[in-house]
Every structure is written in C-alpha cells, then in structure tokens.
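# Overview (structure and organization)
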Amino acid sequence: GADGVPIVSPLLSAALDEAQSQVQSFFFGIRKDVFEYDQVLDQQRQVIYALRRKALLDSDAEVLRSLQKFCEESMSELVQQLCGEAGPVAS
C-alpha cells in the first residue's frame, strides 16, 4: 500500500472544500442566533436587575406602590387578553 502518501484529486479537494464551507456556514448561523438570543436575555436581565435595585433601595411605601402598580397592570393585561376590547361580559 501507499501509506502516508497524500491523495491528490482536484475533484475530491473541491468536494471537501464545499463541505467545509457548508459546515462553517451552518455553525456561523447557529452562533449568530445564539448571540441574538443572548442579547435579548441580557436586555431582560438588565430590566430585572434595575427593578431589583429599585426595590432594595426604595422605602417600604414605594415598594408597596410599585407592587400595587405592577398588580394593576398585570390584571388589566389579563382581563384584556381574556375578554378582549369589549371588556367583561355582564352576567
């Protein structure tokens, strides 16, 4: 046999180059998606950290007001989702 002798074939080299290019493109796309997801997570993390910092530094009365506002907004959104624009149906 010809162990240690490199295979020289323009057709094989072209096929390997094409396969490598496709694999690199595939993994580039994955890295790009992961980076974009990480950006979104970082934005959400920053919002949560800011709310946490505010809760830690505010007075008890301010924290209570913030929680009441959050609950009111959440309930309004929930009613909106469940009942639509028309509001609750009278029974």
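Per chain, residues are indexed from 1 in the order of the written sequence. Predicted model: local features are reported for residues with pLDDT of at least 70 only, side-chain atom pairs are reported and counted for 80 or more only, and whole-chain, interface and lining totals are derived from all residues. Values reported for side chains reflect all heavy atoms of the structure, with hydrogen atoms and water molecules removed beforehand.

Let us now look at the pattern of salt bridges. Salt bridges, as used here, are contacts in which a Lys or Arg side-chain nitrogen is within 4 Å of a carboxyl oxygen on Asp or Glu. All told, the structure shown has four salt bridges when counted by the stated rule. Salt-bridge contacts for Asp58 lead to Lys54; the nearest nitrogen and oxygen are separated by 2.5 Å. Classification of residues uses two cut-offs on accessible area relative to the type maximum, computed with a 1.4 Å probe and protein chains only: under 20% is buried, over 50% is exposed, and between them is partly exposed. Asp58 sits in the partly exposed class, given a relative accessible area of 24%. With a relative accessible area of 37%, Lys54 lands in the partly exposed category. The salt bridge partner of Glu73 is Lys69, with a shortest N-O separation of 4.0 Å. You can see Glu73 and its partner Lys69 sitting in helix H2 (residues 60-83), four residues apart, about one turn around the helix. When its relative accessible area of 40% is taken as the criterion, Glu73 is described as partly exposed. On the basis of relative accessibility, which here comes to 52%, the residue Lys69 falls in the exposed class. Only runs of H or I of at least four residues qualify as helices and only runs of E of at least two qualify as strands under DSSP, and these elements are numbered from the N terminus.

The next subject is a nonpolar patch on the surface. On the surface, Val23, Phe26, Phe27, Ile30 and Val34 cluster together to form a nonpolar patch covering roughly 460 Å² of accessible area. Assignment of secondary structure puts Val23 in helix H1 (residues 10-57). To count toward a patch, a residue needs a relative accessible area above 30% and no salt bridge. Like charges then connect within 9 Å, nonpolar side chains (Val, Leu, Ile, Met, Phe, Trp, Tyr) within 5 Å. Accessible surface area values rest on a Shrake-Rupley calculation with a 1.4 Å probe, where residue burial reflects the displayed protein chains alone.

Taken as a whole, the largest pocket encloses approximately 370 Å³ of empty space. In this structure, the largest pocket is lined by Leu51, Lys54, Ala55, Asp58, Val63, Ser66, Leu67, Lys69, Phe70 and Glu73. Among the secondary structure elements, those contributing two or more residues to the lining of the largest pocket are H1 and H2. Partitioned by chemical class, the residues of the lining of the largest pocket number five nonpolar, one polar and four charged. A 1.4 Å probe that fits into a set of points on a 1 Å grid over the protein atoms alone but cannot get out defines a cavity; an open set with protein on both sides within 12 Å along at least five of seven lines defines a pocket, and lining residues are those with an atom within 4 Å of a point. Grid points are joined across faces, edges and corners, and a volume is the space filled by probe spheres set on the points. Residue type decides the class: Asp, Glu, Lys and Arg count as charged, Ala, Val, Leu, Ile, Met, Phe, Trp, Tyr, Cys and Pro as nonpolar, and the leftover types, Gly among them, as polar.

Let us now look at the packing of aromatic side chains. Here the distance between the centres and the angle between the planes together describe a pair of aromatic rings. Each aromatic pair joins two rings of Phe, Tyr and Trp (for Trp, the six-membered one) with centres within 6.5 Å, and gets the label stacked for planes under 30 degrees apart, edge-to-face for over 60, and tilted for any other angle. Taken as a whole, this structure holds one aromatic pair when the rule is applied. Aromatic pair Phe26 and Phe27: ring centres 5.2 Å apart, planes at 75 degrees, arrangement edge-to-face. Assessed through its relative accessible area of 51%, Phe26 is described here as exposed. Phe27 gets classed as partly exposed once you look at its relative accessible area, which sits at 42%.

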